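Descriptive structure summary
As a plain string of letters, each chain reads:
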Amino acid sequence: MHAALPELPDTIPVAPSMSMFDPVFIGIDEFGNPVYLDLVYHNLLDAGEPGGGKSVLIQNLVGHAFLCHDFTPVLLDPKWVELGMWMEAAEATGGVFVGPDIDKGLRVLRRLQKVMDRRYSWLLAHGRRKFLPSDLIKVIGIFIDELAYYTATIGTPEQQKEFIALVRDLVARGRACAMPVIAATQRPSVDIIPTSLRDLFGYRAAFRCTTPNSSDIILGHGWASAGFNAQAISPETPGVFYLIAEGGIPHLVKAAYLTDAQIHQLVDYVTWIRRNGDPHPIQLAA
Ligand SMILES: Nc1ncnc2c1ncn2[C@@H]1O[C@H](COP(=O)(O)OP(=O)(O)O)[C@@H](O)[C@H]1O
Ligand SMILES: [Mg+2]
């Protein structure tokens, strides 16, 4: 006979924390199987039309990341309301939040580029090519919601160009030194994300698109005609997207969903467990 299971508490129990090197749960596939990402070693491009579910996916990833002991957050959100919810938690974690401020965004990205250079010097000095969980290094997760705002909307053309160049450098070199970039944007046309930059994202998530061409812009040329067309995703099912991982074929995924109340609960929890501060903070606040 089985003993009755204990009732689950309505708060998150204190337990050994997760690591950024753990698989990140993002939702289920069309067979109901869980889908995980290997976030540390991959960048993620999250694209599709407004209301498709891009920010919800980012919230899942951020929620996981804050529950990890080895996470330093860099959150950029010109609309405030998504990643801004984590501002207090980001400060408590020695990270930084950037709102609709391209000057601050540029300062933070330049600083990240320096951190990246130093991490590569360390790897070189130790004869290594990438960081491992045993290095106990902080994973600097760079989350950008509405990338286009910084690369095509605010600031001067020079600032926008510098922003794209810095993001490109981080996307190209960041993953081996534990600095993955997760960026969301509406249709990633060439003025926002040049194709050469798009191709550097190991993971690409295509939420509902208005045309097969937009879907191909995200997933890669030719997938729509092969049957993997994000235009076919129903507007009735936000959160459904095609996920393509390096070298694979796209998979249909339904993202998990955190309610506002659940996010607030997580923010309270992760802020509280860091109430004594981080003994080894990375100086990112600009
Ligand atoms: N995975 C999901 N499960 C359930 N509802 C979702 C999911 N993703 C998105 N939605 C619904 O769609 C709305 C828009 O999603 P959002 O992520 O804000 O879109 P985007 O950032 O692409 O504009 C959400 O407020 C929510 O109501
Ligand atoms: Mg959004």
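Please refer to the structure placed before this passage.
The structure presented is a predicted model; accordingly, all values stated were derived computationally and were not measured.

1. What to know about the nonpolar core
- Grouped together as the largest cluster of nonpolar side chains are 81 residues, with contacts concentrated most on Trp-86, Leu-112, Ile-142 and Phe-143.
- Here this core takes eight residues from helix H3 (residues 102–125), the largest share from any one element.
- Non-local contacts of Trp-86, meaning those with residues more than four positions away in its chain, are made with Gln-59, Val-62, Gly-63, Phe-66, Leu-75, Ile-263, Leu-266, Val-267 and Val-270.

2. Remarks on the pairing of strand E8 (residues 203–206)
- Burial along E8 is two-sided: the face carrying Tyr-203 and Ala-205 and the face carrying Arg-204 and Ala-206 are both buried.
- Two strands pair when backbone bridges link them, and strand E3 (residues 44–47) and E8 are joined in this way by four bridges, in the parallel orientation. Bridge pairing links Asp-46 to Ala-205 in E8.
- Bridging between E8 and strand E9 (residues 240–245) involves four bridges; their strand directions are antiparallel. Counted as the bridge partner of Ala-205 is Leu-243 from E9.

3. Observations concerning the pattern of salt bridges
- All chains considered together, the criterion is met by eight salt bridges.
- Across the pair Glu-162 and Arg-110 runs a salt bridge, and its minimum N-O distance is 2.7 Å. Linking Glu-162 in helix H5 (residues 157–173) with Arg-110 in helix H3, this pair joins segments that are 52 residues apart in sequence.
- When its relative accessible area of 28% is taken as the criterion, Glu-162 is described as partly exposed.
- For Arg-198, the salt bridge goes to Asp-199, with nearest N and O atoms at 2.8 Å.
- We classify Arg-198 as buried; its relative accessible area is 12%.
- A single salt-bridge network, built from bridges that share partners, covers Asp-117, Asp-169 and Arg-173.

Conventions and cut-offs
Throughout this document, residue positions are counted from 1 along each chain, in the order its sequence is written. All chains are assigned letters beginning at A, and all ligands numbers beginning at 1, according to the order in which they are written. In keeping with the predicted nature of the model, local features appear solely for residues at pLDDT of at least 70, side-chain atom pairs appear and are counted solely at 80 or more, and the whole-chain, interface and lining totals rest on all residues. Side-chain measures were taken over the full set of non-hydrogen atoms in the model, leaving aside hydrogen atoms and water. We call a set of buried Ala, Val, Leu, Ile, Met, Phe, Trp, Tyr and Cys residues a nonpolar core when their side-chain atoms join them within 4.5 Å. The cut-offs for exposure are 20% and 50% of the maximum accessible area for each residue type, with area from a 1.4 Å probe on protein chains only; residues under the lower value are buried, those over the upper are exposed, and the others partly exposed. Helix and strand assignments follow DSSP, with helices taken as H or I runs no shorter than four residues and strands as E runs no shorter than two, numbered in order from the N terminus. Contacts are assigned to residue pairs with any non-hydrogen atoms lying within 4.5 Å of each other. Strand pairing is assigned whenever DSSP identifies at least 2 bridges connecting the two strands. Put simply, a salt bridge is a Lys or Arg side-chain nitrogen that is within 4 Å of an Asp or Glu carboxyl oxygen.

That's the geometry; what it means functionally is another story.
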